[in-house]
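Letter by letter, the chains look like this.
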Amino acid sequence: MNSTVRSEPELEAHHAEVIRATLPLVGAQVDAITTVFYRTLFGNHPELIRDVFNRGNQSQGSQARALAASIATFATYLVDPQLPHPAAMLARIGHKHASLGITAEQYHIVHDNLFAAIVEVLGADVVTAPVAAAWDRVYWLMADILIDLEKQLYVTAGVEPGNVFRDVTVVDRTDESSSGVAVFTVESADSSAPLPSFLPGQYISVGARLPDGARQLRQYSLVNAPGEGMLSFAVKRIDAEDGCPAGEVSSWLHQTVRPGDALEVTLPFGDIVIDTAATTPLVLISAGIGATPMIGILEHLAVNSPDRRTVVLHADRSPQTHPLRARLRELGTRLRATTVELWYEQNADGAHHGLLDLSSVGLPTDADFYVCGSPGFLESVRAQVLALGVPEQRIHIEQFTPTDWRVDACPV
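Reading the values: rules and limits
Residues numbered from 1 in each chain as written. Predicted model: local features only at pLDDT ≥ 70, side-chain atom pairs only at ≥ 80, totals over all residues. Heavy atoms only, no water. Phe/Tyr/Trp six-rings, centres within 6.5 Å; stacked < 30°, edge-to-face > 60°. Buried < 20%, exposed > 50% of the residue type's maximum accessible area, 1.4 Å probe, protein only. Lys NZ or Arg CZ within 6 Å of the ring centre and 35° of its normal. Salt bridge = Lys/Arg side-chain N within 4 Å of Asp/Glu carboxyl O. Helix = DSSP H or I, 4+ residues; strand = E, 2+ residues; numbered from the N terminus. Polar contact = N/O pair within 3.5 Å; in protein donor to acceptor, adjacent residues only side chain to side chain. Contact = heavy atoms within 4.5 Å. pLDDT = per-residue confidence, 0-100. Pairing = 2+ DSSP bridges. Right-handed = clockwise from strand over helix to strand, strands pointing away.

**Looking at the packing of aromatic side chains**
Then step 1. As enumerated under the stated definition, the model contains six aromatic pairs in all.
Then step 2. Plain terms: the ring middles of Phe37 and Tyr38 are 4.8 Å apart, the flat faces sit at 55° to each other, and that makes the pair tilted.
Then step 3. Residue classification places Tyr38 among the buried positions, given a relative accessible area of 7%.
Then step 4. Linked through ring pairs, Phe37, Tyr38 and Phe42 together constitute an aromatic cluster.
Then step 5. When the ring centre of Tyr203 is taken as origin, the NZ or CZ atom of Lys96, which lies over that ring, is 4.4 Å away.
Then step 6. One cation-aromatic arrangement involves Arg215 over Phe165; the distance from NZ or CZ to the ring centre is 4.7 Å.

**Comments concerning the pattern of salt bridges**
Then step 1. According to the stated counting rule, one finds ten salt bridges in the structure shown.
Then step 2. Here Arg334 and Glu330 are joined by a salt bridge, their closest N and O atoms 3.4 Å apart. Here Arg334 and its partner Glu330 are both found in helix 10 (residues 325–334), four residues apart, which amounts to about one turn of the helix.
Then step 3. A relative accessible area of 32% means that Arg334 is categorised as partly exposed.
Then step 4. The exposure class assigned to Glu330 is partly exposed, which follows from its relative accessible area of 36%.

**Quick notes on the side chain of Glu299**
Then step 1. Looking at the element boundaries, Glu299 is found in helix 9 (residues 291–304).
Then step 2. Take Glu299: its relative accessible area is 9%, and that puts it in the buried class.
Then step 3. Looking at Glu299, its side chain comes within polar contact range of the side chain of Arg327, at 3.0 Å.
Then step 4. Beyond its immediate chain neighbours, meaning those up to four positions away, Glu299 contacts Val223, Asn224, Ala225, Arg327, Leu331 and Arg334.

**Observations regarding unusual backbone geometry**
Negative phi is the rule for most residues except glycine; trans is the rule for most peptide bonds.
Then step 1. With a phi close to 60°, Leu324 is a non-glycine residue in the positive phi region.
Then step 2. As for its position among the elements, Leu324 is in the loop between strand 8 (310–316) and helix 10.
Then step 3. We note that Asn347 has phi near 50°; this positive angle belongs to a residue other than glycine.
Then step 4. Relative to the assigned elements, Asn347 resides in the loop between strand 9 (338–344) and strand 10 (352–353).

**As for the confidence of the model for the chain**
Low pLDDT means the predicted atomic positions in that stretch should not be read closely.
Then step 1. On average, the chain scores 89 in pLDDT, and the residues at 70 or more come to 92%.
Then step 2. Predicted confidence is poor over residues 241–245, with pLDDT under 50, and the contacts of this stretch with residues over four places away or in other chains come to eight contacts.
Then step 3. Taken as a whole, residues 403–412 scores under 50 in pLDDT and shows 33 contacts with residues more than four places along the chain or in a different chain.

**Let's talk about the pairing of strand 8**
Then step 1. In terms of burial, strand 8 is largely enclosed, as seven of its seven residues are buried.
Then step 2. With burial as the criterion, each face of strand 8 is covered, one bearing Thr310, Val312, His314 and Asp316 and the other bearing Val311, Leu313 and Ala315.
Then step 3. As paired elements, strand 7 (residues 282–287) and strand 8 share six bridges and run parallel to each other. Paired with Leu282 across the bridge in strand 8 is Thr310.
Then step 4. Crossover connection from strand 7 via helix 9 to parallel strand 8: handedness right-handed.
Then step 5. Here strand 8 runs beside strand 9; their pairing, made up of seven bridges, is parallel.

Next comes the structure, spelled out in structure tokens:
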């Protein structure tokens, strides 16, 4: 199910000239444009905010910021191809779209509402025919790459475009009272159509039918070993504290879902996965609920590659708030070439005290590094890993929020 961006975008010279001239203006107004865009989009298509887009991300503005960042990054690359290719950004978006069942037809809906927003914010006197044509070209270059990628993902999954939702039954629920994490295990409601396997590090979307009738979706990392015919995912209870709003889907799962209940989930997707055929060392770095994809990777290694050199580094507030801590310890006993280093801000209990510091740990610089946590944590760790001399292409970042380095966000 892993797939790559194949298309090499190229902007015609006359369009590139217009984009260079207008990019500063559009960049300065892009947050306003995306705000008007979502207001217009949901006004014209209320079913999208009810059943597709996550309302929590919308209320925080994180989805609008992510869209703004992706458009600005892509347009900037088109007019300066010497910049790094935005393949990683596009792959991340494509996998997220596939996990929501997005299809090519929906790109036309986005196009029409986005360009209406551009005209509303910048004015028809600014958005002349050449300006509109140039930005239209930028949009469809990006959209066509994503549509092609998503088609690849659907073909690899063996489904028609958008047909990714499956009815499942919850067969087990395990709660960690101290960390506020619950692990749900599901199997197909149709015994003739078992759930597929997946790559270590991937996620599923879970659909929650909320009391107001909305079907809200949230992605959760898979924490079981691939190939079991079941899918297990970990959900952290998000309390309304420290300015973080409670997550609708996570709260609903914690409060209402028990073994025997029916759920709707998608097929697995996600581009931040380990190369299961490789033998190079792995360094898994996480904080908070970012531990979950690492547990899924370790479960795979325990079954298939227990002798692969692996270093696990995790940071948390305390041992009690560390998600799936006991499971990590148990996996460590099964993995013969794995070492675990922990950092706790409180009650270090034999672990490192304070914030994660890579300078205090000897790490294999020829390893592939996988990092997951809050945006601030990711930015700090990425800088530390680069300072070790690790090439950028060996650093793989998984981010649960759609903020993409722009703001610190609440855990999800």
